[in-house]
Amino acid sequence: MAEIKLIMLDFDGTLVDTRRANAQAYIETLSEIGIELTEQEYLKRFFGVRCIEFMRMVGVSDKEQIRRLRRRKVELYPKYFDTVVLNVELWDWCAMMRRMGAKVWIVSTGHIDNIRNVMHYLGLSEGVDGIISGDDVQRPKPYPDCFLEAMRREGVTPAESIIFEDSEVGVEAARRSGAAYSVIKL
């Protein structure tokens, strides 16, 4: 087995449990335009879905309105950070591996501002070597593009990489990347 040189972590649901914060920020955002959604409904049907696809699924198709709603959700998101929970065991393992020379990247379909805001809130900003967000690749998970891009940027092969994921589409993307992967359930 090759030495692990790159650790790629999905963010929402793998490294950090952000389900409640995301749900509440979206519920408040959508209620402002008359769309009612429960936390249970959001978590069951929409958690982990890219914002653009999520908005279309709830009936918002105008590109400018989607951009405005996305910005509003980002504004509201920090209001609910008291509900986010770090996967301490995974983070500690990554810190140990980083001390041994491995690189740690966040690879998520989430919006970069949301990821950075939560990382700052939890004090994680200095613990990663890079971030690939949903905005950095053309094709979202289940395509492996985000993982392959992180590998390309670090100059490593799939055999030198490991991915931690929680969602079905993320696990499929990890499988397609050729890297080893582990499924995390918070």
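Each remark here, short or long, concerns the structure printed above.
All of these numbers come straight from a predicted model, not from anything done at the bench.

A. Broad picture of the pattern of salt bridges. Across all of its chains, the model carries 18 salt bridges by this definition. Between glutamate 75 and arginine 72 there is a salt bridge whose closest N-O contact spans 3.1 Å. Highlighted residues: glutamate 75 and arginine 72, both in helix α4 (residues 63-76), separated by three residues, approximately one helical turn. Classification of glutamate 75 by relative accessible area gives exposed; the value is 55%. By relative accessible area, which is 25% here, arginine 72 ends up partly exposed. For aspartate 129, the salt bridge identified is with arginine 98, shortest N-O distance 2.9 Å. Residue aspartate 129 is located in the loop between α6 (112-122) and β5 (130-132), and its partner arginine 98 is located in helix α5 (residues 88-99); the two are separated by 31 residues in the primary sequence. Accessibility expressed as a relative area gives 30% for aspartate 129, which makes it partly exposed. Using a relative accessible area of 28% as the deciding quantity, one classes arginine 98 as partly exposed.

B. How the structure looks around helix α8 (residues 168-177). Where α8 is concerned, the buried positions are Gly170, Val171, Ala173, Ala174 and Ser177. Looking down the long axis of α8, one finds its buried residues gathered within 160° of arc, a one-sided arrangement. Buried positions along α8 lie against α7 (145-154), β6 (161-165) and β7 (180-183). In the stretch just after α8, glycine 178 is the one whose phi turns positive, near 90°.

C. Quick look at the packing of helix α1 (residues 19-31) against α4. Taken N-terminus to C-terminus, the directions of α1 and α4 make an angle of 130°; their axes are 9 Å apart at the nearest point. Judged by the inter-axis angle, α1 sits oblique to α4. Crossing handedness for the pair α1 and α4: right-handed. In this structure, α1 contributes Asn22, Ala25, Tyr26, Glu28 and Thr29 to the contact, and α4 contributes Leu69, Arg72, Lys73 and Leu76. Across the contact of α1 with α4, the residue classes break down as four nonpolar, two polar and three charged.

D. Looking closely at the nonpolar core. Counting 30 residues, the largest nonpolar core has Ile7, Leu9, Phe11, Leu15, Ile106 and Met119 as the members making the most contacts within it. Beyond its immediate chain neighbours, meaning those up to four positions away, isoleucine 106 contacts Leu9, Phe11, Leu15, Ile115, Met119, Val128, Gly130, Ile131 and Ile132.

E. A look at the side chain of serine 177. Note that serine 177 resides in helix α8. Within polar-contact distance, the side chain of serine 177 engages the backbone oxygen of alanine 174 at 2.6 Å. With near-sequence residues (within four places) excluded, serine 177 lies in contact with Pro144, Phe147, Leu148, Met151, Pro158 and Ile163.

F. Inspection of the sheet that holds β5 at higher detail. Taken together, the five strands give an open sheet; going across it, the order is β5-β4-β1-β6-β7, and neighbouring strands pair in parallel fashion. Every interior strand has two partners, whereas the edge strands, β5 and β7, have only one. The mean inter-strand angle of the sheet, taken between neighbouring strand axes irrespective of direction, is 20°. In the sheet, strand β1 (residues 6-9) pairs with β6 via four bridges, with the strands oriented parallel. When the bridges of β6 are listed, leucine 9 appears paired with phenylalanine 164. Along the sheet, α7 contacts β1, β4 (103-107), β5 and β6; its crossing angle with β4, the most-contacted strand, is approximately 150°.

G. Looking closely at α5. In a regular helix each residue adds 1.5 Å, so 12 residues correspond to 16 Å; α5 covers 16 Å between its end C-alpha atoms and thus fits that length. For α5, every residue scored as buried is listed here: Leu90, Trp91, Cys94 and Met97. Axial view of α5: buried residues confined to an arc of 125°, hence all on one face. Exposed residues on α5 whose side chains face more than 90 degrees from its buried face are Glu89 and Arg99. Residues of α5 that are buried in the fold lie against β1, β3 (85-86), β4 and β6.

Definitions and limits used
- In every chain, residue numbers begin from 1 and rise along the written sequence.
- Since the coordinates come from a predicted model, pLDDT governs what is reported: local features require at least 70, and pairs of side-chain atoms require 80 or more to be given and counted, while whole-chain, interface and lining totals use all residues.
- In computing side-chain values, all of the structure's heavy atoms are included and hydrogens and water are not.
- Take a side-chain nitrogen of Lys or Arg and a carboxyl oxygen of Asp or Glu: if they are within 4 Å of each other, that pair is a salt bridge.
- Elements are defined by DSSP. Helices are runs of H or I of four residues or more, strands are runs of E of two residues or more, and each kind is numbered from the N terminus.
- A 1.4 Å probe rolled over the protein chains alone gives each residue an accessible area, and that area as a share of the maximum for its type sets the label: buried under 20%, exposed over 50%, partly exposed in between.
- Relevant arc is that of directions from the helix axis to the C-beta atoms, nothing else.
- Contacts are residue-level and defined by heavy atoms, with any inter-residue pair within 4.5 Å sufficient.
- Think of each axis as a best-fit line through the C-alpha atoms, taken over the contacting stretch in the case of a helix, with angles from 0 to 180 degrees between the N-to-C directions.
- When an angle is under 35 degrees it counts as roughly parallel; over 145 it counts as roughly antiparallel; between 65 and 115 it counts as roughly perpendicular; any other value is oblique.
- Whether a crossing is left-handed or right-handed is set by the direction in which the near helix is turned from the far one by less than a right angle, anticlockwise for left-handed and clockwise for right-handed.
- The nonpolar class holds Ala, Val, Leu, Ile, Met, Phe, Trp, Tyr, Cys and Pro. Asp, Glu, Lys and Arg form the charged class, and all remaining residues, Gly among them, are polar.
- We call a set of buried Ala, Val, Leu, Ile, Met, Phe, Trp, Tyr and Cys residues a nonpolar core when their side-chain atoms join them within 4.5 Å.
- Any N or O atom pair separated by 3.5 Å or less is treated as a polar contact, with the protein-specific requirement of one donor-capable and one acceptor-capable atom, and with residues adjacent in sequence counted only for side-chain atom pairs.
- For two strands to pair, DSSP has to find at least two bridges joining them.
- Expected helix span is computed as 1.5 Å times (number of residues minus one).

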